[in-house]
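# Summary of the model geometry
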Amino acid sequence: VRLATIPKGFRRGMLQCTQFSLDHPPTDGITSVRFARTSNMLLVSSWDAGVRLYDVPSNTMRTKYSHKAGVLDCTFGHDTHAFSGSVDRTVKMYDIQTGAETVMGTHEKPVRCVEFNPTLELLVSGSWDKTIKLWDARTGANVGTYPQPDKVFAMALSGDRLIVGTAGRHVNIFDLRQMVEPEQCRESSLKFQTRCIKAFPDGTGYALSSIEGRVAIEYFDPSPEVQARKYAFKCHRANQAGVDTVYPVNAMAFHPTFGTFATGGCDAVVNMWDPQHKKRLCQFQRFPTSISSLCFNHDGTHLAIASSYTFEQGDRDHPADSIYIRVVSDNDVRPRAGPGRGPAVPAAAP
């Protein structure tokens, strides 16, 4: 990927990572960063009620549209359309080429998550009203509403599979083509509230993070031999003056080629992990404040990092919201069987 006027100090072929921040970031808490499926356009939602589209190579904000209240999630369609869900309870579609906005419909409470399946042309929205709704992205019509056990906190797509994490530590796995009932109903293997779910690139499972500094590696196949491979581990923790401090793991992102993944927490740190060899590959330098969202671009050469206070310590002065773009080297994301640059991940974490 050729970078235009950014970043400072970048040299073609240099091995070390380099990083730069996007101009004109949101003015209130960043909730989601999403790269386009085939380009380096970046979609960003935030509590300032805006959804912004950035052209990363030129470091410019290309366009912006708004809801009536904070926007909790956003995603791309086929790179020509954006979708978003808001505290104002609406699900919106935005035509990037024409600037046309369409309210596809509403939930009874704030919309927490949106995901798009390009094969079925379906948008999925999950809400604190304890429902999942499916929308035909071609017509904007609601094509199904499905009750959930509790408020929807996190969602991810793995092909035609939908993974839904709700309050009460419920995890439901659906086939989008047969949504009458879940394929599987699970309870999170982590003891505290689910914060983020991301699917493996190879379609075999997902990672789930919690507010209590842990990540679980899970597999779809219910057979005992496959389930025996799942594990959980502790991360985003610090010992300060003999006191252990545990931070929520707000964000995760899988590398599209190598299957390694990044985690970001309220400790303002991003770690890279190799789930196959159960190792931490590296830790990036500390960011100004909490990591609220992460996303790799389509070829895994760039990682978008939202540094945005998530009010885990209440209302207080905090650094301004920022979006960093990290130019990633293979050395930081390629799996390796030998020693990593951090502690080994335990096979299980109680």
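It should be noted that the structure appears before, not after, this text.
Given the structure is predicted, the values throughout are model-derived calculations rather than measurements.

So, how was this worked out
- Residues numbered from 1 in each chain as written.
- Predicted model: local features only at pLDDT ≥ 70, side-chain atom pairs only at ≥ 80, totals over all residues.
- Heavy atoms only, no water.
- Helix = DSSP H or I, 4+ residues; strand = E, 2+ residues; numbered from the N terminus.
- Buried < 20%, exposed > 50% of the residue type's maximum accessible area, 1.4 Å probe, protein only.
- Areas by Shrake-Rupley, 256 points an atom, 1.4 Å probe, with all protein chains shown as cover.
- Pairing = 2+ DSSP bridges.
- Axes fitted to C-alpha atoms, helices over the stretch in contact; angles between N-to-C directions.
- Phe/Tyr/Trp six-rings, centres within 6.5 Å; stacked < 30°, edge-to-face > 60°.
- Lys NZ or Arg CZ within 6 Å of the ring centre and 35° of its normal.
- Salt bridge = Lys/Arg side-chain N within 4 Å of Asp/Glu carboxyl O.
- Core = buried A, V, L, I, M, F, W, Y, C linked by side-chain atoms within 4.5 Å.
- Contact = heavy atoms within 4.5 Å.

### With respect to the overall build of the protein
For the protein, the helix and strand inventory stands at two helices and 30 strands. Scored against the burial criterion, the 350 residues of the protein give a buried share of 57%. Just so you have it, the protein exposes about 14,900 Å², and 49% of that area is on carbon and sulfur atoms.

### So, unusual backbone geometry
Glycine aside, a negative phi is what most residues show, and trans is what most peptide bonds show. The backbone of Asp-79 shows a phi angle near 65°, a positive value even though the residue is not glycine. Tracing the sequence through the fold places Asp-79 in the loop between strand S6 (71-76) and strand S7 (81-86). Positive phi outside glycine occurs at Ala-241, with the angle close to 55°. Residue Ala-241 is classed as exposed on the basis of its relative accessible area, which comes to 85%.

### As for the sheet that holds strand S29 (residues 302-307)
The four strands are arranged S1-S30-S29-S28 in an open sheet whose pairing can be described as antiparallel. Whereas interior strands pair on both sides, the edge strands pair on one side only; in this sheet they are strand S1 (18-21) and strand S28 (291-296). For this sheet the average axis-to-axis angle between neighbouring strands, irrespective of direction, equals 20°. As judged from the six bridges shared by S29 and strand S30 (residues 322-327), these two strands associate in the antiparallel manner. Bridged to Ile-305 within S30 is Tyr-324.

### Quick look at the pairing of S6
Taken across its six residues, S6 has six buried, putting it largely inside the fold. Note that S6 and S7 share five bridges and pair antiparallel. By the bridge assignment for S7, Thr-75 is matched with Phe-83. In this structure, the hairpin formed by S6 and S7 is closed by a connection of four residues, where Asp-79 is found at a positive phi of approximately 65°.

### Looking at the packing of aromatic side chains
The tally for this structure, following the rule as stated, stands at nine aromatic pairs. Put simply, the rings of Phe-200, Tyr-219, Phe-254 and Phe-261 pair up and form one aromatic cluster. In this structure, Arg-161 is placed above the aromatic ring of Phe-220, and the distance from its NZ or CZ to the ring centre is 4.5 Å. Between Arg-229 and the ring centre of Tyr-219, over which it is positioned, the NZ or CZ distance is 4.4 Å.

### So, the pattern of salt bridges
Counted by the stated rule, this structure contains 14 salt bridges. As a salt-bridge pair, Asp-73 and Arg-34 come within 3.5 Å of each other at their nearest N and O atoms. Of this pair, Asp-73 sits in strand S6 while Arg-34 is found in strand S2 (residues 30-35), placing the two residues 39 residues apart along the sequence. What you see here is one network of salt bridges that share partners, running through Arg-34, Asp-73 and Glu-115.

### Overview of the sheet that holds strand S4 (residues 50-55)
As summarised here, the arrangement of the four strands in space is S2-S3-S4-S5, forming an open sheet in which the pairing is antiparallel. Of all strands in the sheet, those with a lone pairing partner are S2 and strand S5 (60-66), marking the two edges. Going from strand to strand, the sheet's axes swing by 20° on average, the running direction of each strand aside. Inspection of the sheet shows strand S3 (residues 41-46) paired to S4 by five bridges, in the antiparallel sense. Across the sheet, Met-41 pairs through a bridge with Asp-55, a residue of S4.

### Quick word on the nonpolar core
Counting residues in hydrophobic clusters, the biggest one holds 17 residues, and the most contacted among them are Val-270, Met-272, Phe-284, Leu-294, Phe-296, Leu-303 and Ile-305. When residues of this core are traced back to their parent elements, those giving at least two are strand S24 (249-254), strand S26 (270-274), strand S27 (279-283), S28 and S29. Looking at which element gives the most residues to this core, the answer is S28, with three residues. When near neighbours in sequence (up to four residues on either side) are disregarded, Leu-294 contacts Val-33, Ala-251, Met-252, Ala-253, Ala-262, Thr-263, Gly-264, Val-270, Leu-303, Ala-304 and Ile-305.

### Focus: the pairing of strand S8 (residues 90-95)
The buried fraction of S8 is high, at six of six residues. Neither face of S8 is left uncovered, since the one carrying Thr-90, Lys-92 and Tyr-94 and the one carrying Val-91, Met-93 and Asp-95 both have all their residues buried. Where S7 lies against S8, five bridges are found, and the strand directions are antiparallel. Residue pairing in the sheet places Gly-85 in a bridge with Val-91 of S8. The hairpin formed by S7 and S8 contains three residues between the paired strands, and Arg-89 there has a positive phi angle of roughly 80°.

### Description of the environment of Leu-22
As for its placement among the helices and strands, Leu-22 is situated in the loop between S1 and S2. For the pair Leu-22 and Ser-58, spaced 36 residues apart in sequence, the C-alpha to C-alpha distance is 9.6 Å. Residues within four places of Leu-22 in sequence aside, it is in contact with Leu-42, Tyr-54, Asn-59, Ile-323 and Ile-325.

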